[in-house]
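Analysis of the macromolecular model
Read off the chains here:
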Amino acid sequence: MADSLPTEFDVVIIGTGLPESILAAACSRSGQRVLHLDSRSYYGGNWASFSFSGLLSWLKECQQDGDVVEESTGSWRDLIHDTEEAISLRTKDESIQHTEVFCYASQDMDDSTEEVDAVQKNPSSGMSSTSTDPLDSACLSEETHSLSATSREMPAKDTPKSDGEVSLEVTDVEDTLAKEKRCGDKTWTHTVSDGDKDGNRPVEEENTDHPKRTRITYSQIVKEGRRFNIDLVSKLLYSQGLLIDLLIKSNVSRYAEFKNVTRILAFREGKVEQVPCSRADVFNSKELTMVEKRVLMKFLTFCLDYEQHPDQYQAFVQGSFSEFLQTKKLTPSLQHFVLHSIAMTESSCSTIDGLKATKNFLRCLGRFGNTPFLFPLYGQGEIPQCFCRMCAVFGGIYCLRHKVQCLVVDKESGRCKAIIDHLGQRINAKYFIVEDSYLSEDTCSDVQYKQISRAVLITDQSILKADSDQQISILVVPPVESGTCAVRVTELCSSTMTCMKDTYLVHLTCSSSKTAREDLESVVKKLFTPYTETEIDKEELTKPRVLWALYFNMRDSSEISRSSYNGLPSNVYVCSGPDCGLGSEHAVKQAETLFQEIFPNEEFCPPPPNPEDIIFDGDDKQPEAPGTNNIIMAKVDSSEGSRNLESPGKHLQK
């Protein structure tokens, strides 16, 4: 039980986001005694992934009133000695704001799902779903996360998967996920309904002028909710990026599977089109003239080693990348492709940053597929759990739903010496790592946070139809007005194990200037049809239909320096939440920087030991080790039950 936790550790880590989880794995791997805590009931923090019912439960937690019942401070303050002082921690996460949910799919009146504050209005007249009825704790789903927590636990299995390689792509995805339990959760939605009362079976809509569509009802989405794995933060992995390198080096990749992103798209002149990436794509493209193909290949070849030709860009160092592109004889369409689909930068991006981004894109091509990106099966939330599992393998202790009341600081030395948890237990350690959202208002009073605008859509068709309906696509929609940011769109198909069959999961992300809905709704209307089925009947079915939509703002603490926090002891280190970037490079860099600062003489996440090198006194048998140096990846063990993928395709090679 949690109240019998050891009282002495080397490192206490509060929060299970990606940088904290990487640090936990690195510390445990180097022989440190690690206690990893999280007040939430799931791993990952703002990096987590949820089933549909789990996401509804998460929304309820976010929308609870701020005046939550606080534990009495008297009990833990009695544990503070005269020579000590306490730094209290925040008991409620306030990093998510402006949550708004809209349901456009037809409502099945026979469904047991109850709608809270449901209004049959168009989205433009909907109210924020933050103003809702009090929550019923009995409605919280038991399916909040794929790793249900106990008071004291380690994530999932602490044994590695069978030796082999991690599967990159699955050609035949079997229906292996268990049937979702009926959930009595109140749906936290605005409904936009045409009063349709059809059953739960998909219904083919008859239309002589357009292809047939499968109509998905809201009750189907709820019943198939466990087939969804919805990320709070939308990220992809660069195939030559820091995170992939770390996964391979540390052998943590054996705990995960990946799929290659299949398409890079562009939005130009109101249309979505595919962008040629590789040399073969460029020369096979029917959209480009022969002259455009030669000019584009010449420019991309230059970008691969632009440092060797400073004379070609030195005069534009002070200018923007878009201005530089105009001097390279690129047509407007090619400039658009390079700026928004290859470099994936803003028009105001500097020339050097644009060249770096283009080179990074190009050097990642071809390692695992025809695009530079990978996506983890079952969602981004798998990656923090993989590092937590590695930490557990090397002896780390995990406790979810475990709140920390305060940090205990020695007045004389100014160093933190212990924490006091919600049970009143005092736990001592040498070093403390805290995720930003746990720090109190007093500690963060001088911090100026940025915000990320996020939208999650469930749609019925892809934004660009292709021969195969199993496409993973990324698209950058450039800003229309000056002063606004480009919007990054990631579309996931059902073979990524993130959504049910006949649907797509779409993530929209940009830096916030207003609320998420105000920032992103215009892009949603450009790409999709967010109308009721009655209204759709009057329009051409040329765009995918939005079945369900969620908007929210997430705090971006990635650029906050340590000096911005008030009164932090020297041995307390802060990890930030997710940033707005496409990759996870910042999280990896932050974890490695903090680890080297704490343990300057230790290697960061070294390869696992070879079993032949492990010698136990008096024991001639070679024990089984967590991994080997010569095995780079491991295939998911078929005994993993619901996560069994029977037909692995491509494999990740170093």
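Attention in this report is confined to the structure presented alongside it. Everything numeric in this text was worked out from a predicted model, so none of it was measured. (Residues numbered from 1 in each chain as written. Predicted model: local features only at pLDDT ≥ 70, side-chain atom pairs only at ≥ 80, totals over all residues. Heavy atoms only, no water.)

1. Here's the deal with the sheet that holds strand 10 (residues 237-238)
By way of backbone hydrogen bonds, the strands of a sheet pair with one another, either parallel or antiparallel. Strand order across the open sheet formed by three strands is 10-14-11, with antiparallel pairing between neighbours. Pairing within the sheet leaves two strands with one partner each, and these edge strands are strand 10 and strand 11 (258-260). (Pairing = 2+ DSSP bridges. Helix = DSSP H or I, 4+ residues; strand = E, 2+ residues; numbered from the N terminus.)

2. Concerning the side chain of T498
Among the secondary structure elements, T498 is positioned in the loop between strand 22 (487-492) and strand 23 (504-511). Within polar-contact distance, the side chain of T498 engages the side chain of T496 at 2.7 Å. Residues contacting T498, with those up to four places away along its chain left out, are R227, F228, N229, F375, Y378, G379, L492, C493 and L505. (Polar contact = N/O pair within 3.5 Å; in protein donor to acceptor, adjacent residues only side chain to side chain. Contact = heavy atoms within 4.5 Å.)

3. Describing the pattern of salt bridges
As enumerated under the stated definition, the model contains 20 salt bridges in all. When the shortest N-O distance is used, the salt bridge between K359 and E307 registers 3.0 Å. Of this pair, K359 sits in helix 10 (residues 351-364) while E307 sits in the loop between helix 7 (290-304) and helix 8 (321-326), and the two are 52 residues apart along the sequence. Assessed through its relative accessible area of 36%, E307 is described here as partly exposed. Via salt bridges that share partners, D10, R33 and K430 belong to a single interconnected network. (Salt bridge = Lys/Arg side-chain N within 4 Å of Asp/Glu carboxyl O. Buried < 20%, exposed > 50% of the residue type's maximum accessible area, 1.4 Å probe, protein only.)

4. A word on the packing of aromatic side chains
Evaluated as defined, the whole model comprises 20 aromatic pairs. Judged by centre distance (4.8 Å) and plane angle (80 degrees), the ring pair of Y42 and F50 falls under edge-to-face. Taking the relative accessible area as the measure of exposure, Y42 reaches 3% and is therefore buried. Among the residues examined, F50 registers a relative accessible area of 0% and is labelled buried. Aromatic ring contacts, followed pair by pair, group F299, F302, F316, F321 and F324 into a single cluster. A cation over a ring is seen here: K328 above F302, with NZ or CZ 5.0 Å from the ring centre. Looking at R562, its charged tip hangs above the ring of Y573, at a distance of 5.7 Å from the centre. (Phe/Tyr/Trp six-rings, centres within 6.5 Å; stacked < 30°, edge-to-face > 60°. Lys NZ or Arg CZ within 6 Å of the ring centre and 35° of its normal.)

5. Observations concerning the pairing of strand 1 (residues 11-14)
Neither face of strand 1 is exposed, since V11 and I13 on one face and V12 and I14 on the opposite face are all buried. Where the polypeptide runs from strand 1 across helix 1 (residues 18-29) and back to strand 2 (residues 34-37), its parallel neighbour, the crossover connection is right-handed. (Right-handed = clockwise from strand over helix to strand, strands pointing away.)

6. Things to note about the sheet that holds strand 4 (residues 84-88)
Pairing within the open sheet is antiparallel, and its four strands lie in the order 4-16-17-18. With one partner strand each, in any of the chains shown, strand 4 and strand 18 (426-428) form the two edges of the open sheet. Going from strand to strand, the sheet's axes swing by 30 degrees on average, the running direction of each strand aside. Of the pairings in the sheet, the one linking strand 17 (residues 416-421) to strand 18 comprises three bridges and is antiparallel in character. Each residue of the ladder has a partner; that of A418, found in strand 18, is N428. (Axes fitted to C-alpha atoms, helices over the stretch in contact; angles between N-to-C directions.)

7. Things to note about the side chain of N571
Turning to its location among the elements, N571 is positioned in the loop between strand 24 (546-556) and strand 25 (572-575). Reaching out from N571, the side chain makes a polar contact with the backbone oxygen of K430 at a distance of 2.9 Å. If we skip the residues at most four places from it in the chain, N571 touches R415, C416, K430, Y431 and F432.

8. Some details on the environment of K525
By the element assignment, K525 lies in helix 12 (residues 516-527). Residue classification places K525 among the partly exposed positions, given a relative accessible area of 42%. Residues K525 and K543, spaced 18 residues apart in sequence, show a C-alpha to C-alpha distance of 9.6 Å. Aside from chain neighbours lying at most four places away, what touches K525 is P530 and K543.

9. Quick word on the environment of T459
Assignment of secondary structure puts T459 in strand 20 (residues 450-459). Overall, T459 belongs to the buried group, its relative accessible area being 0%. The spatial distance from the C-alpha of T459 to the C-alpha of W548 is 7.3 Å, given a sequence separation of 89 residues. With sequence-adjacent residues up to four places away left out, T459 is seen in contact with D502, T503, Y504, V506, F528, R545, V546 and L547.

10. Some thoughts on helix 9 (residues 332-342)
Summarising burial for helix 9: ten of the eleven residues are buried, a large majority. Turning to helix 9, its buried residues number three or more, namely S333, L334, Q335, H336, F337, V338, L339, H340, S341 and I342. Looking at the residues trailing helix 9, positive phi occurs at M344, about 55 degrees.

11. Description of helix 10
Taking 1.5 Å per residue, 14 residues should reach 20 Å; helix 10 reaches 20 Å between its end C-alpha atoms and fits that length. Where helix 10 is concerned, the buried positions are T351, G354, L355, T358, F361, L362 and C364. Taken together, the buried residues of helix 10 touch strand 10, strand 12 (263-268), helix 7, helix 8, helix 9 and strand 14 (373-376). Backbone geometry just downstream of helix 10 places G366 in the positive-phi region, at approximately 85 degrees. (Expected span 1.5 Å × (residues − 1).)

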